[in-house]
Amino acid sequence: MSSVIFFGRKLEHFCSKSRSKLACFNRSFFHVLVFKANPVWVQLVYFIVVSLLGFGALNMSKPEPYSSMPKSIDVYFTSVSATTVSSMSTVEMEVFSNTQLIIMTILMLVGGEVFTSMLGLQLARSRFKKHGSPEGDSVNSNSHEIELGTITNEKPSTDLESNINSSSTKSLKYKATRYLGYVVLGYLLVVHVVGSSLVSMYVSLVPSARKILESKGIEIQTFSFFTVVSTFANCGFVPTNENMVVFKENSGLLLLLIPQILLGNTLYPACLRASIWVLGKMTKKVEFNYILENYKEMGYGHLRSGVRCALLAATVVGFISVQLVLFCSMEWNSEGLNGLSSYQKFVGSLFEVMNSRHTGESIVDLSTISSAILVLFVVMMYLPPYTSFIPTKYQERESRKGGKSEAAGKSMFSQLSYLAIFIILICITERQKLKEDPLNFNVLNITIEVISAYGNVGFSTGYSCKRRLGGEMGCTDSWAGFVGRWSNSGKLVLIVVMFFGRLKSFTLKSGKAWKLS
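Residues numbered from 1 in each chain as written. Predicted model: local features only at pLDDT ≥ 70, side-chain atom pairs only at ≥ 80, totals over all residues. Heavy atoms only, no water.

Under the annotation held in an unreviewed UniProt entry, the protein carries the name High-affinity K+ transporter 1 and is attributed to Hibiscus trionum. Looking at the Subcellular location (unreviewed entry) heading of the UniProt record, one finds this comment for the protein: "Membrane". You can read under Sequence similarities (unreviewed entry) in the UniProt record for the protein the words "Belongs to the TrkH potassium transport family. HKT (TC 2.A.38.3) subfamily." (UniProt positions renumbered as here; feature names shortened; annotations may be inferred.)

Draft legend 1. Spatial organisation of the environment of Thr 84. When you line up the elements, Thr 84 lands in the loop between α4 (72–83) and α5 (98–111). Taking relative accessible area as the criterion, Thr 84 reaches 0% and is therefore assigned buried. Along the chain, Thr 84 and Val 110 lie 26 residues apart, while their C-alpha atoms are 9.4 Å from each other. If sequence neighbours within four positions are ignored, Thr 84 has contacts with Asn 456, Met 498, Phe 499 and Arg 502. (Helix = DSSP H or I, 4+ residues; strand = E, 2+ residues; numbered from the N terminus. Buried < 20%, exposed > 50% of the residue type's maximum accessible area, 1.4 Å probe, protein only. Contact = heavy atoms within 4.5 Å.)

Draft legend 2. Region of interest: the pattern of salt bridges. According to the stated counting rule, one finds 6 salt bridges in the structure shown. In this structure, the salt-bridge partner of Glu 94 is Lys 216, at a minimum N-O distance of 2.7 Å. Here Lys 216 lies in helix α9 (residues 207–216) and Glu 94 lies in the loop between α4 and α5, a separation of 122 residues in the sequence. Between Glu 242 and Lys 216 there is a salt bridge; the shortest N-O distance is 3.0 Å. (Salt bridge = Lys/Arg side-chain N within 4 Å of Asp/Glu carboxyl O.)

Draft legend 3. Layout of unusual backbone geometry. Backbone geometry places Asn 234, a non-glycine residue, at a positive phi of 60°. By the element assignment, Asn 234 lies in the loop between α10 (220–232) and α11 (251–263). With phi around 60°, Asn 243 is a residue other than glycine that occupies positive phi space. Inspection of the secondary structure puts Asn 243 in the loop between α10 and α11. According to the relative accessible area criterion, Asn 243 is buried, its value standing at 17%.

Draft legend 4. Focus on the packing of helix α20 (residues 443–454) against helix α21 (residues 488–502). Between α20 and α21, the shortest axis-to-axis distance is 7 Å and the interhelical angle comes to 40°. Accordingly, the angle class assigned to the pair α20 and α21 is oblique. Contacts between α20 and α21 involve Glu 449, Val 450, Ala 453 and Tyr 454 from the first element and Leu 494, Val 497, Met 498, Phe 500 and Gly 501 from the second. For the contact of α20 with α21, the residue count by class is 7 nonpolar, 1 polar and 1 charged. (Axes fitted to C-alpha atoms, helices over the stretch in contact; angles between N-to-C directions. Parallel < 35°, antiparallel > 145°, perpendicular 65-115°, else oblique. Nonpolar A, V, L, I, M, F, W, Y, C, P; charged D, E, K, R; others polar.)

Draft legend 5. Inspection of the side chain of Ser 51 at higher detail. Along the chain, Ser 51 falls in helix α3 (residues 39–60). Ser 51 sits in the buried class, given a relative accessible area of 0%.

Draft legend 6. Summary view of α11. For α11, spanning 13 residues, the distance from its first C-alpha to its last is 19 Å, which sits close to the expected 18 Å at 1.5 Å a residue. Along α11, the positions that sit buried rather than exposed are Ser 251, Leu 253, Leu 254, Leu 257, Ile 258, Gln 260, Ile 261 and Leu 262. (Expected span 1.5 Å × (residues − 1).)

Draft legend 7. Seen up close, the confidence of the model for the protein. Taken over all residues, the pLDDT of the protein has a mean of 83, while the share at 70 or more is 79%. Every residue in residues 132–156 is under pLDDT 50, and counting partners more than four places away or in other chains gives 19 contacts. Ignoring residues within four places in sequence, the model shows residues 403–409, a span with pLDDT below 50, making 6 contacts including any to other chains. (pLDDT = per-residue confidence, 0-100.)

Draft legend 8. Looking closely at α4. For α4, which comprises 12 residues, the first-to-last C-alpha distance of 16 Å matches the rise-based estimate of 16 Å (1.5 Å per residue) to within 8%. Restricting attention to buried positions, one finds in α4 the residues Ile 73, Asp 74, Val 75, Tyr 76, Phe 77, Thr 78, Ser 79, Val 80, Ser 81, Ala 82 and Thr 83. One or two positions beyond α4, positive phi appears at Val 85, with a value near 50°.

Pasting the structure below:
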């Protein structure tokens, strides 16, 4: 408490001496942001501001030649979709120029979970600087107090020793937080540099892949970096209209992207812990051991114990295996995989099922696959990325260690309740189309779209003019998502769903006030 009061007095002194009221305001705003604001609101404001900046940048940039600029609601929808790494689309991707694709790449990068968590680490370091001195200032101040006689003579050596130990722990924790920030930054850079280089090399050397980009006027470097950033951030945007359908025969490219899916999402905690362990062995730095042994105290939500990481990896492999078996058994001879060799079908099927959590890139038209697989994908999209099977004995051990989130359980409704509300709202906004075009506008397709937006996945059944009961007159098929045919009100509801889904980690334990018996 005294440190907060001291900081407040310093702030008042700064404001009184400062000639610039703007500098004082900025200092006060940063203090509120770091020390007072709820993390939920901080992240919500962050995503809204970034999406608005992206909207402005996309609007000021010119689209592709011979393409008209999408409506403002569609441009903002695209900006929100990229920022929340949802990849829900209301327009075709090839409408956007190279400059606009670069803007979307930046939005996906700064909206990705790894990048935003790195910013959170920097805020944690700022808090630590204010609340605890990493350089041993508390020890020096106590030494001065002893010299001035302001501390009583009752066990002075014990008190000083305790302060020294406390200061040493704070210093180690501060350094460990700094090292962790460096590891996350290095992880981010290495994956993107290596990944984009490999994809660029593959596209340059394989004629079939290169011809696809040349025919569409997409630069190889833009495609490579855009796709790797999108895949690692688990967004799912691809610069082509057809997503990855046009590359379903390029098994090498799909195999290059599969590790990006895992490294940036479901296996990020396991890979991060492995990276820290390797660096600790190589450098012999005590800070890395401190991070591994005190992962909860670090305040970084992606750090897990070794056991939890192993269980998480096993669960991920289990989910992928179940999906792969079912998908291959039901879709092996389907229209989407027609014309592929057995090897290409297997790699394509593996790529497809891995994208259901939570990337959303696809090599098939989802509207053509069986309903059973669609329902399976809905379940996978709903599950949080770090869902894992934990035996009872490990659950008891984790509960004894504590560490509950402050935001847990504060929301009145569960996540399923909110999703049901969103689906009902969209059924209301699109009620006329549900009557006139029931084969396209049905509850299953709307549910898939909502769950996909909530899971920040990007899977969509699309829209087909052939399924219209009134005939194809005046209807043009496009590769835009199903939401592209919704009313503006329906699109605004889905924008809210994307923001809600991006912040779902704060409401995982909500709705506990309701009892069913």
